[in-house]
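If you want the building blocks of each chain, they are given just below.
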Amino acid sequence: MSNADLGHCKVNVSEGKGFSHSFDELFSKVNELEQGVDILEQFYMAQDNKNLDNVKCSLTVKDKMNIEKQQRHGSNREAAAEKRRQELIHQFAGIFYHITQHKWARPFIEPVDVVGLGLHDYYKVIENPMDLGTIKNKLEAKSGTGYRNVREIYADVRLVFKNAMKYNDERDDVHIMAKKLLEKFEEKWLQLLPKVAKEEKRQAKDQVAMQAAVKLAQEASHANMARDLNNELCEVDMKLGNLRKMVIQECRKTSVEEKKKLGTALTLLSPGDLTKALEIVADDNPSFQATAQEVDLDMDSQSELTLWRLRIFVKDALKVDSADKDENKDLMNMNSKNVIPATNNNNKRRREICDAINKSRSKKTKTIS
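Residues numbered from 1 in each chain as written. Predicted model: local features only at pLDDT ≥ 70, side-chain atom pairs only at ≥ 80, totals over all residues. Heavy atoms only, no water.

One pass over the structure, following the stated rule, counts 10 salt bridges. The partner of Glu 258 in a salt bridge is Arg 311, with the nearest N and O atoms 4.0 Å apart. Here Glu 258, found in helix H8 (residues 256–266), pairs with Arg 311, found in helix H10 (residues 304–337); they are 53 residues apart in sequence, far enough to count as distant. Assigned by exposure class, Glu 258 and Arg 311 land together as buried. (Salt bridge = Lys/Arg side-chain N within 4 Å of Asp/Glu carboxyl O. Helix = DSSP H or I, 4+ residues; strand = E, 2+ residues; numbered from the N terminus. Buried < 20%, exposed > 50% of the residue type's maximum accessible area, 1.4 Å probe, protein only.)

This is the structure we're talking about:
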């Protein structure tokens, strides 16, 4: 409603405060629902992009219980996997210590003494130095600071011998010892490898199952959220309708003269706006046929709510229509300046064009009686 329309409403102070409070509550609720809609949009957009990591999730109690259950199962699986991982590392440690006890392992126990041996180009040739002593310390480190799996230990042990073979000539004793130890190490590793591969396959399967469970829980949560949002939006819409009716009831009733003016104004609407106006009437009158070719619209039988809605709509629509006419008028005036007024035939043609334009704009697809 415009300020002029609201001027016809007489609402006492206490009722005005009640309306204001109700409106503030609804406004706050709408903002809350908009945030929920944003969360849902982010979720489904991220789902389309296969990226759910950064999406906020609003969970019901039941959803949280399901996820907690999956997390407990996941924790149990992780505990079992950790136990198997430690067992594999323990078995690998046996291979490692067997290699370190070999008579040729002594040159590889400590880091290479680059300065003492005068190996000035060592770091240019060897990018990642490694030694068996460093590996031993990391193997014996506390949980969380050591190796995560046997693949990492295997890579470091190979690196020790590969570095020695790379820096030293094939005929050098260090090169020969490193090559021999690497062969023995690879033989032992091949015996453990089937167990490592089996455990890796099992962990991959558990990871997929865990991700699928979490994804299903998220989808169920957001489906419930969408349902609740829909119900709350319907409730807000109903409250807005009731609030609007309360305001209209406190307003001055539409006079007979105003109804006549409204009926006349309806005939001035464009076909598209006229259809929208009839749809407003149909909102409060389910039996009203807004799509009929000819419509019998009795203003006296319309509710105050419908009349107020029509008045506001017609007022705004005619403002836009008037602005369009002024624009077309200016355009015609600009075009007329480029025409040389010479004969009566030219003037007659111009009048015919103007009449045709006015006739096309006033044509209606519906008739109101």
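A separate point is the nonpolar core. Counting 28 residues, the largest nonpolar core has Phe 92, Phe 108, Leu 132, Ile 135, Phe 161 and Phe 185 as the members making the most contacts within it. Mapped onto this core, the elements with two or more residues apiece are helix H3 (61–100), helix H5 (132–139), helix H6 (150–167) and helix H7 (173–249). When neighbours within four sequence positions are excluded, Phe 92 is seen to be in contact with Val 150, Ile 153, Tyr 154, Val 157, Phe 185, Trp 189 and Leu 192. (Core = buried A, V, L, I, M, F, W, Y, C linked by side-chain atoms within 4.5 Å. Contact = heavy atoms within 4.5 Å.)

On to helix H9 (residues 271–284). For H9, every residue scored as buried is listed here: Asp 273, Leu 274, Ala 277, Leu 278, Ile 280 and Val 281. Looking straight down H9, one finds its buried side chains confined to an arc of 145 degrees; they lie on one side. (Arc of directions from axis to C-beta.)

Right, let's get into the environment of Arg 244. Looking at where Arg 244 falls in the secondary structure, it is placed in helix H7. Note on Arg 244: relative accessible area 41%, which makes it partly exposed. For the pair Arg 244 and Leu 305, spaced 61 residues apart in sequence, the C-alpha to C-alpha distance is 7.9 Å. Not counting residues within four places of it along the chain, the set of residues in contact with Arg 244 comprises Leu 305 and Arg 309.

Here we take up the packing of H5 against H6. For the pair H5 and H6, interaxial distance at closest approach is 9 Å and the crossing angle is 165 degrees. Comparing their axes, H6 and H5 come out roughly antiparallel. In terms of crossing hand, the pair formed by H5 and H6 is left-handed. Residues Leu 132, Ile 135 and Leu 139 of H5 form the contact with H6, whose participating residues are Ile 153, Asp 156, Val 157, Val 160 and Phe 161. Residues belonging to the contact of H5 with H6 are distributed by class as follows: 7 nonpolar, no polar and 1 charged. (Axes fitted to C-alpha atoms, helices over the stretch in contact; angles between N-to-C directions. Parallel < 35°, antiparallel > 145°, perpendicular 65-115°, else oblique. Left-handed = near helix turned anticlockwise from the far one by under 90°. Nonpolar A, V, L, I, M, F, W, Y, C, P; charged D, E, K, R; others polar.)

Here we take up the side chain of Glu 199. The residue Glu 199 is located in helix H7 in this model. The contact partners of Glu 199, leaving out residues within four places of it in the chain, are Ala 81, Arg 84 and Leu 88.

Bringing H8 into the picture now. For H8, the full list of buried residues reads Glu 258, Lys 259, Leu 262, Gly 263, Ala 265 and Leu 266. Here the buried residues of H8 occupy an arc of 160 degrees about the axis, which is enough to place them on one side. Relative to its buried face, H8 has exposed residues pointing more than 90 degrees away, namely Val 256, Lys 260 and Lys 261.

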